[in-house]
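# Coordinate inspection notes
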Amino acid sequence: MSIKYKINTMVSVDQFIELLNESTLGERRPIDDRECMEGMVSNSNLVVTAWDDEKMIGIARSITDFSYACYLSDLAVHKRYQKKGVGKKLQIITQEQLGPRCKLILIAAPAANPYYEHIGFTNNPRCWVLDRDQDISS
């Protein structure tokens, strides 16, 4: 198995959706909303991908200022390639693109918490999320 990693290589919406489905992350992403998925792909400013020949088998999709904060919005690896170091390598390459003080931040699915701890992340209970359908005027 010869996996190649690429930085900011063009990824189609179909490739992205297919990988999300093959990694189980599709269960928690709006894969039926193509316009949203297009925005997710086109508006990310740091995308690291893993390829087995012509097939994308992993992605680390981030939004960052490259200096202080990098939000790793999606880290997905095809089920057949999990537990082979692909996710960790995607995260390492992502970090290599960032400045020395830049923190890598993510929100993990509950089942993924042990994985992130295993690869060196520390849990931070201070994350807050505001959904668009909530009333913030009060």
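Residues numbered from 1 in each chain as written. Predicted model: local features only at pLDDT ≥ 70, side-chain atom pairs only at ≥ 80, totals over all residues. Heavy atoms only, no water.

We now examine the nonpolar core. Soluble globular proteins tend to bury their nonpolar side chains together. Val86 and Leu90 are the most contacted members of the largest nonpolar core, which has 21 residues in total. Those elements that place two or more of their residues in this core are strand S2 (46-52), strand S3 (55-64), strand S4 (69-77) and helix H3 (86-96). Non-local contacts of Leu90, meaning those with residues more than four positions away in its chain, are made with Tyr5, Val48, Thr49, Ala50, Gly58, Ile59, Ala60, Leu75, Ala76 and Val77. Grouped together as the second largest cluster of nonpolar side chains are 15 residues, Val11, Phe16, Leu19 and Val41 included. (Core = buried A, V, L, I, M, F, W, Y, C linked by side-chain atoms within 4.5 Å. Buried < 20%, exposed > 50% of the residue type's maximum accessible area, 1.4 Å probe, protein only. Helix = DSSP H or I, 4+ residues; strand = E, 2+ residues; numbered from the N terminus. Contact = heavy atoms within 4.5 Å.)

Bringing the packing of aromatic side chains into the picture now. The geometry of an aromatic ring pair comes down to the distance between the two centres and the angle between the two planes. Summed over all chains, the structure comprises two aromatic pairs. Summarising the aromatic geometry, the rings of Tyr115 and Tyr116 are spaced 5.2 Å apart at their centres and angled 75° between planes, so their arrangement reads as edge-to-face. Owing to a relative accessible area of 11%, Tyr116 belongs among the buried residues under this scheme. Consider the rings of Tyr116 and Phe121, whose centres lie 5.4 Å apart with planes at 75°: the pair is edge-to-face. This pair shows no difference in class: Tyr116 is buried, exactly as Phe121 is. An aromatic cluster of at least three residues, connected via ring pairs, comprises Tyr115, Tyr116 and Phe121. Lying across the ring of Trp51, Lys6 places its NZ or CZ 5.0 Å from the centre. (Phe/Tyr/Trp six-rings, centres within 6.5 Å; stacked < 30°, edge-to-face > 60°. Lys NZ or Arg CZ within 6 Å of the ring centre and 35° of its normal.)

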